[in-house]
Amino acid sequence: MGMPDDLDDDLALLSTDLGDIWTAQKMLESQLNEFLQSAHDWETAANILVDLKTTVDHIQWHIKNIRRPVNRIVRFAYRRAMDSDD
């Protein structure tokens, strides 16, 4: 797409974080299903909730981490779009 080399690190970070968010989302879905099936076992439910919280914290970290690289890439993309309109 003609992205400059100085955005390579941003693209790598964004790709890694988005991949990890996607993987964690699938894990979160599995944990939620497991939690719903453990309604009568409080110890298992508590253990699953701890795992679920860890997954949510992991997703939150990646969401915070992608802000800078995604903003830099978005600014570049809009500048390119405006240049091509001229």
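Residues numbered from 1 in each chain as written. Predicted model: local features only at pLDDT ≥ 70, side-chain atom pairs only at ≥ 80, totals over all residues. Heavy atoms only, no water.

## Quick notes on the overall build of the protein chain
Heads up, the condition is: Strands are runs of DSSP state E lasting at least two residues, helices are runs of H or I lasting at least four, and both sets are numbered from the N terminus onward. Radius of gyration: C-alpha atoms only; globule rule: 2.2 Å multiplied by the number of residues to the exponent 0.38. Working definition: with a 1.4 Å probe on protein chains only, accessible area under 20% of the residue-type maximum means buried, over 50% means exposed, and in between means partly exposed. Any two residues having at least one pair of non-hydrogen atoms within 4.5 Å are treated as being in contact. Accessible areas in this description were obtained via Shrake-Rupley with a 1.4 Å probe; residue shielding takes into account the shown protein chains only. Counted as positive: Lys and Arg. Counted as negative: Asp and Glu, with His and the chain ends omitted from the count. Here the site of a charge means NZ on Lys, CZ on Arg, CG on Asp, or CD on Glu.
On a plain count of helices and strands, the protein chain comes out with 2 helices and 0 strands. Radius of gyration (C-alpha) of the protein chain: 19 Å, far over the 12 Å computed for a compact globule of 86 residues. Expressed as lengths along the three principal axes of its C-alpha atoms, the size of the protein chain is roughly 65 × 20 × 15 Å. A total of 86 residues make up the protein chain; the buried ones form 22% of that total. Summarising the internal contacts of the protein chain: among those between residues at least 6 apart in sequence, 76% fall at separations of at least 24. If you sum the accessible surface of the protein chain, you get close to 6,800 Å²; carbon and sulfur atoms cover 58% of it. The centroid of the 9 positive side-chain charges in the protein chain is displaced by 8 Å from the centroid of its 16 negative side-chain charges.

## Notes on the environment of Ala77
For Ala77, the location among the structural elements is in helix H2 (residues 42–85). Here Ala77 falls in the partly exposed class, since its relative accessible area comes to 42%. It is 8.6 Å that separates the C-alpha atoms of Ala77 and Met3, two residues lying 74 residues apart in sequence.

## Quick word on the side chain of Thr55
Filter applied, for reference: The definition of a polar contact used here is a pair of N or O atoms within 3.5 Å, where within protein one atom must be able to donate a hydrogen and the other to accept one, and adjacent residues in sequence count solely through side-chain atom pairs.
Here Thr55 lies in helix H2. Within the local environment of Thr55, its side chain forms a polar contact with the side chain of Gln31, the two groups lying 2.9 Å apart. Excluding anything up to four places from it in sequence, Thr55 contacts Ala24, Met27, Leu28 and Gln31.

## A word on the packing of aromatic side chains
For the record, the criterion: What counts as a ring pair is set by centres within 6.5 Å for rings of Phe, Tyr and Trp (its six-membered ring), and what kind of pair is set by the plane angle: stacked under 30 degrees, edge-to-face over 60, tilted for all other angles. Any Lys NZ or Arg CZ that is within 6 Å of a ring centre and within 35 degrees of that ring's normal is treated as a charge sitting over the ring.
This model, assessed by the stated rule, comprises 0 aromatic pairs. Across from the ring centre of Trp22, 4.0 Å away, lies the NZ or CZ of Lys26, which sits over that ring.

Structural measurements only, silent on function.
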